[in-house]
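Here's the letter readout for the chains.
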Amino acid sequence: MPVTSVQRHKRKYVAQMNIQTTTPDTSRYQDEFLSLRDHLPGQDLPWMKDLRTAAMDAFAGTGLPTLRDESWKYTNLHSLSACNFKPANSIAGQISIDHAPRLMPGASGCFLMTFVNGRLRLDLSSFENLPAGVTLLPFEQLADQHPERFEQWFANSLQREIHQPMVSLNTALMSTGYVLHIEKGVTLHEPVEILNLSAATPQAFSVHARNFMVLEPGAQATVIEHYQGLDDGESFANSVTNISLGQDALLRHYKLQNEGLGNYHLSTISSQLERNASYDSFTLSLGAKLSRNEVSVRLAGEGSECHLNGAYLMRGRQHCDNTTIIDHMVPHTSCRETFKGVIDDQARAVFQGRIVVHKDAQQTNGHQLSKVLLLSNEAEIDAKPELEIYADDVLCSHGATAGDLDQEALFYLRARGIPEERARSILIEAFLAEAIQAIAAEGLCPALMTSIGHWLADT
Amino acid sequence: MLEIKNLRATVDGKEILKGLDLSIKAGEVHAIMGPNGSGKSTLSYLLTGRDGYEAVDGEVLYKGRDLLSLAPEERAGEGVFLAFQYPVEIPGVPNTTFLKEAVNSVRRYRGEEELDAMQFVKMLRQKTKELGFSDELLKRQVNVGYSGGEKKRNEALQMAVLNPALAILDETDSGLDIDALRVVAESVNQLRSPDNALLVITHYQRLLNYIVPDHVHVLAHGRIARSGGKELALELEQNGYAGYLGTAA
């Protein structure tokens, strides 16, 4: 007999909820679509035109997600819908930036693709000399250079997609992004860094980026995405990333989100893993007014495994949502998740971790942990682990904790002469270090710890 | 160096110290002995500024300054050090990092130049060698997975690198076997000088065989019930605290 168990719990310190009851007004997005659709990548491909139109129709039917959508219960996009964003690709003129701020200064050999407000900037990029078997392209060139791959990958991703408003909106309007393809058995030793810079424009802008990462059997790569706001100008980024890992493939996917406080950062990643494939991800969120990292992983081949880790530091009125959905489709698959957060002031974070063990997916291992430091009485975390288990030989666990800094440790440090602010920083860094040290990319841990140090020093 | 006058203090609103007087001069070693619950640990936390320990009357002058008005880190900067009865574990912070932060924080407070990595390592090497403290313990996280003896030796090491003017040892002998006790006591004795003072808080006399005090005080019911020389400790060892346990007047 299959055992079904849905466990849910929530830790809530301040009740604060505005239920929206208005019907969705999507006319703004539809107008945008009508004006852009003949200029979007792939406009000459009939199937692509149809796909975009269908996606826009689907989006128009629901509008942006609201608190009534179960998976958006704790993340309110109301303030986003009140904002008037202009597509970044319709804003003329180039932002003047003469050098790309590097996450890992001194990291030579790293391949860099830089976007400014969603627009590829070859003058700030260096991804020539990629080894044989590796393709790295801006999204808009995929349709022209590899139309058959383009169609195939979309067909693959659509097969398993259920309607998600943000993905539909992206499909309708996608105009930028990157594509990484690695042929069978090829290992890309140097990391690929995707740098997304955002700079204020006279009008708030939106970017819908669509990314593909396809690793054929046995391929390996490390991809580091760095989102950096140069100011607090208003912007809306709604990216979708489709990842496909063939048998024995390994992808390390790391991300630093350090957007300005005028930014809405919505990211949906969906990945499919074949036999013995491995997906290792880490996201550090420091910036943005509102951010959501939604990662779904289908463990579709025996022996496949994923690590979804993350950390976030939020203050002021920032909001950060980490939502993960892991589907164990077949036996002998495993996942491990650790998210650590630091929340100050009136900031708010959400962790939703769903693990579904499908029927017959025996010998599954799933472990999930959410740990949070609440630094003020008004800080809030909503943690919702959800285990849905339809097999009977599985090992699954979840845990969620929230607490203040260890006062004993704080006093111990101060009693040794360390000033209070510094003592707090030491304890916060130590709390986060456990999650960050799991990152396998050389040089990235210290770079992320430096970013955290800057965040802590910037009070 | 330290003048405590008619000190009354509360913990969670309950009065624990009820008019304590104590005077310590540079170069002296004082021992405070007393039964459980007499206020020994309250005194050590009050002197180092732990939250929740509040003086409601009296004063504490340290080198002529009002000690109780200073933050814990300022007291450390001024040279006050507490060897904790229960040293705190700090996961994720390497012991060496912690020691360097502490040393340089105190140096900064005193207007001295901070030690760079090389200078610090050199200084630390010398101290660990003197105290027989292993490099392996330095690499581990602060007090995490240390034995009781290792934790107390780590306290002695911190004391050695910070070189305090007034060191308060709170039940340093608790949880130590006789060999560990001797090692810790020896390292404390190395730090004795005419310029600094020690306040040894203990329940048992045995620590005082190794750290020989100039003055011994009996703390009972929140005040000093009796003071004497080192022979007082031996008397207490023989007769116990029974004579001091009667209800407070």
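Section: the overall build of chain B
Link 1 in the chain: Counting its regular elements, chain B contains eight helices and 12 strands.
Link 2 in the chain: Taken over C-alpha atoms, the radius of gyration comes to 18 Å for chain B, in line with the 18 Å a tight globule of 249 residues would show.
Link 3 in the chain: Each of the 249 residues in chain B was classed as buried or not, and the buried ones make up 43%.
Link 4 in the chain: Long-range contacts, defined here as pairs at least 24 residues apart, represent 73% of the contacts in chain B between residues at least 6 apart.

Description of the overall build of chain A
Link 1 in the chain: Of regular secondary structure, chain A possesses nine helices and 21 strands.
Link 2 in the chain: For chain A, whose C-alpha radius of gyration is 21 Å, the value lies close to the compact-globule estimate of 23 Å for 459 residues.
Link 3 in the chain: Across its three principal axes, chain A shows a C-alpha extent of roughly 70 × 60 × 55 Å.
Link 4 in the chain: The buried share of chain A, reckoned over its 459 residues, is 50%.

Focus: the interface of chain A and chain B
Link 1 in the chain: The interface is formed by 17 residues belonging to chain A together with 20 residues belonging to chain B.
Link 2 in the chain: Elements that contribute at least two residues to the side of chain A that touches chain B include exactly helix 7 (407-415) and helix 8 (420-436) of chain A.
Link 3 in the chain: Of the residues forming the side of chain A that touches chain B, the biggest block, seven residues, is contributed by helix 7 of chain A.
Link 4 in the chain: Of the residues assigned to the side of chain A that touches chain B, the class counts are 10 nonpolar, two polar and five charged.

Re the environment of His-358 of chain A
Link 1 in the chain: When you line up the elements, His-358 of chain A lands in the loop between strand 18 (348-357) and strand 19 (364-374).
Link 2 in the chain: If near-sequence neighbours (up to four positions away) are discounted, His-358 of chain A is found in contact with Asp-327, His-328, Met-329 and Tyr-390 of chain A.

Topic: the sheet that holds strand 2 (residues 14-24) of chain B
Residues and elements named next belong to chain B.
Link 1 in the chain: The antiparallel open sheet is built from four strands, whose spatial order is 2-1-4-5. What marks the edges here is a single partner per strand, and that holds for strand 2 and strand 5 (65-66).
Link 2 in the chain: As defined by bridge partners, strand 1 (residues 2-11) adjoins strand 2 across eight bridges and the pair is classed as antiparallel. Paired with Thr-10 across the bridge in strand 2 is Glu-15.
Link 3 in the chain: Sitting on the sheet, helix 1 (residues 40-48) is in contact with strand 1, strand 2 and strand 4 (53-62), with an inclination near 70° to strand 4.

A closer look at the packing of helix 3 (residues 95-109) of chain B against helix 6 (residues 148-162) of chain B
Residues and elements named next belong to chain B.
Link 1 in the chain: One can describe the packing of helix 3 onto helix 6 by two numbers: an axis separation of 10 Å at closest approach and a directional angle of 35°. Relative to helix 6, helix 3 is oriented so that their crossing is right-handed. Side by side, helix 3 and helix 6 meet where Asn-95, Leu-99, Ala-102, Val-103 and Val-106 of the first sit next to Asn-154, Gln-158, Val-161 and Leu-162 of the second.
Link 2 in the chain: When grouped by side-chain class, the residues that make up the contact of helix 3 with helix 6 number six nonpolar, three polar and no charged.

As for the nonpolar core
Looking at soluble globular proteins, one finds that nonpolar side chains tend to be buried together.
Link 1 in the chain: Formed by 169 residues in total, the largest nonpolar core has its most connected members in Phe-81, Leu-166 and Ile-168 of chain B.
Link 2 in the chain: The greatest single-element share of this core, amounting to nine residues, is contributed by helix 8 of chain A.
Link 3 in the chain: Look past the residues within four positions of Ile-168 of chain B in its chain and what remains in contact with it is Ser-44, Leu-47, Phe-81, Leu-82, Ala-83, Leu-199 and Ile-201 of chain B.
Link 4 in the chain: Judged by nonpolar contacts, the second largest core, of 22 residues, contains Phe-33, Leu-169, Val-207 and Ala-288 of chain A.

Some remarks on helix 6 of chain B
Residue and element names in this part refer to chain B.
Link 1 in the chain: With 15 residues, helix 6 should reach 21 Å at 1.5 Å per residue; the first-to-last C-alpha distance of 21 Å fits that figure.
Link 2 in the chain: Across the 15 residues that make up helix 6, a large majority, 12, are buried.
Link 3 in the chain: Phi for Asn-163, located one or two positions after helix 6, is positive at around 45°.

Examining the pairing of strand 15 (residues 305-314) of chain A
Residue and element names in this part refer to chain A.
Link 1 in the chain: Of all 10 residues in strand 15, eight are buried; the element is thus mostly enclosed.
Link 2 in the chain: Bridge count for strand 13 (residues 278-285) against strand 15 is eight bridges, and the pairing is parallel. Within strand 15, the residue paired with Thr-283 across the bridge is Gly-310.
Link 3 in the chain: Where strand 15 and strand 17 (residues 334-343) come together, 10 bridges link them in parallel fashion. For Gly-310, the partnering residue across the bridge sits in strand 17 and is Phe-339.

A short note on the pairing of strand 14 (residues 290-299) of chain A
Residues and elements named next belong to chain A.
Link 1 in the chain: Across the 10 residues of strand 14, nine count as buried, placing the element largely inside the fold.
Link 2 in the chain: Sheet topology note: the strand 12 (residues 263-273)/strand 14 ladder contains 10 bridges and is parallel. Counted as the bridge partner of Gln-272 is Arg-298 from strand 14.

Here we look at the confidence of the model for chain A
Link 1 in the chain: A residue-level look at chain A finds 93% of positions with pLDDT of 70 or above and a mean pLDDT of 90.
Link 2 in the chain: For the stretch residues 1-21 of chain A, pLDDT sits under 50, and the model shows 39 contacts to residues farther than four places along the chain or on other chains.

Topic: the environment of Asn-95 of chain B
Residues and elements named next belong to chain B.
Link 1 in the chain: Mapped onto the elements of the fold, Asn-95 is located in helix 3.
Link 2 in the chain: Expressed as a C-alpha distance, the spacing of Asn-95 and Leu-176, which sit 81 residues apart in the sequence, is 21 Å.
Link 3 in the chain: Other than its neighbours up to four places away in sequence, Asn-95 contacts Leu-137, Leu-138, Arg-140, Gln-141, Val-142 and Asn-154.

Brief notes about the packing of helix 8 of chain A against helix 9 (residues 444-457) of chain A
Residue and element names in this part refer to chain A.
Link 1 in the chain: Contact geometry for helix 8 and helix 9: axes closest at 11 Å, N-to-C directions at 150°. Between helix 8 and helix 9, the angle falls in the class roughly antiparallel. Both helix 8 and helix 9 take part in a crossing whose hand is right-handed. Facing helix 8, whose interface residues are Ser-425, Ile-428, Glu-429, Leu-432 and Ile-436, helix 9 presents Cys-445, Leu-448, Met-449, Ile-452 and Leu-456.
Link 2 in the chain: Residue classes in the contact of helix 8 with helix 9 are distributed as eight nonpolar, one polar and one charged.

Digging into helix 1 of chain B
All names here are of chain B.
Link 1 in the chain: Counting buried positions along helix 1 yields nine of nine residues, so the element is predominantly enclosed.
Link 2 in the chain: Burial in helix 1 covers these residues: Lys-40, Ser-41, Thr-42, Leu-43, Ser-44, Tyr-45, Leu-46, Leu-47 and Thr-48.
Link 3 in the chain: Looking one or two residues past helix 1, Gly-49 carries a phi angle of roughly 90°, positive in sign.

Let's talk about unusual backbone geometry
Link 1 in the chain: In this model, Asp-345 of chain A sits at a positive phi of 50°, which is unusual for a non-glycine residue.
Link 2 in the chain: Along the polypeptide, Asp-345 of chain A turns up in the loop between strand 17 and strand 18.
Link 3 in the chain: The phi angle at Asn-143 of chain B is positive, at roughly 65°, despite the residue not being glycine.
Link 4 in the chain: Among the structural elements, Asn-143 of chain B can be located in the loop between strand 8 (141-142) and helix 6.
Link 5 in the chain: We classify Asn-143 of chain B as buried; it has 23 C-beta atoms within 10 Å.

Section: the sheet that holds strand 3 (residues 29-33) of chain B
All names here are of chain B.
Link 1 in the chain: The strand order 6-9-10-3-11-12 describes an open sheet built from six strands, whose pairing is mixed. Of all the strands in the sheet, just strand 6 (80-83) and strand 12 (223-228) have a single pairing partner and so form its edges. The mean inter-strand angle of the sheet, taken between neighbouring strand axes irrespective of direction, is 20°.
Link 2 in the chain: Of the pairings in the sheet, the one linking strand 3 to strand 10 (residues 197-202) comprises five bridges and is parallel in character. If you follow Met-33 over to strand 10, its bridge partner there is Thr-202.

Calculation notes
- Residues numbered from 1 in each chain as written.
- Chains lettered and ligands numbered in written order.
- Predicted model: local features only at pLDDT ≥ 70, side-chain atom pairs only at ≥ 80, totals over all residues.
- Helix = DSSP H or I, 4+ residues; strand = E, 2+ residues; numbered from the N terminus.
- Rg over C-alpha atoms; globule rule 2.2 N^0.38 Å.
- Buried ≥ 20, exposed ≤ 12 C-beta atoms within 10 Å, placed from the backbone.
- Contact = placed C-beta atoms within 7 Å.
- Nonpolar A, V, L, I, M, F, W, Y, C, P; charged D, E, K, R; others polar.
- Pairing = 2+ DSSP bridges.
- Axes fitted to C-alpha atoms, helices over the stretch in contact; angles between N-to-C directions.
- Left-handed = near helix turned anticlockwise from the far one by under 90°.
- Core = buried A, V, L, I, M, F, W, Y, C linked by C-beta atoms within 7 Å.
- Expected span 1.5 Å × (residues − 1).
- pLDDT = per-residue confidence, 0-100.
- Parallel < 35°, antiparallel > 145°, perpendicular 65-115°, else oblique.

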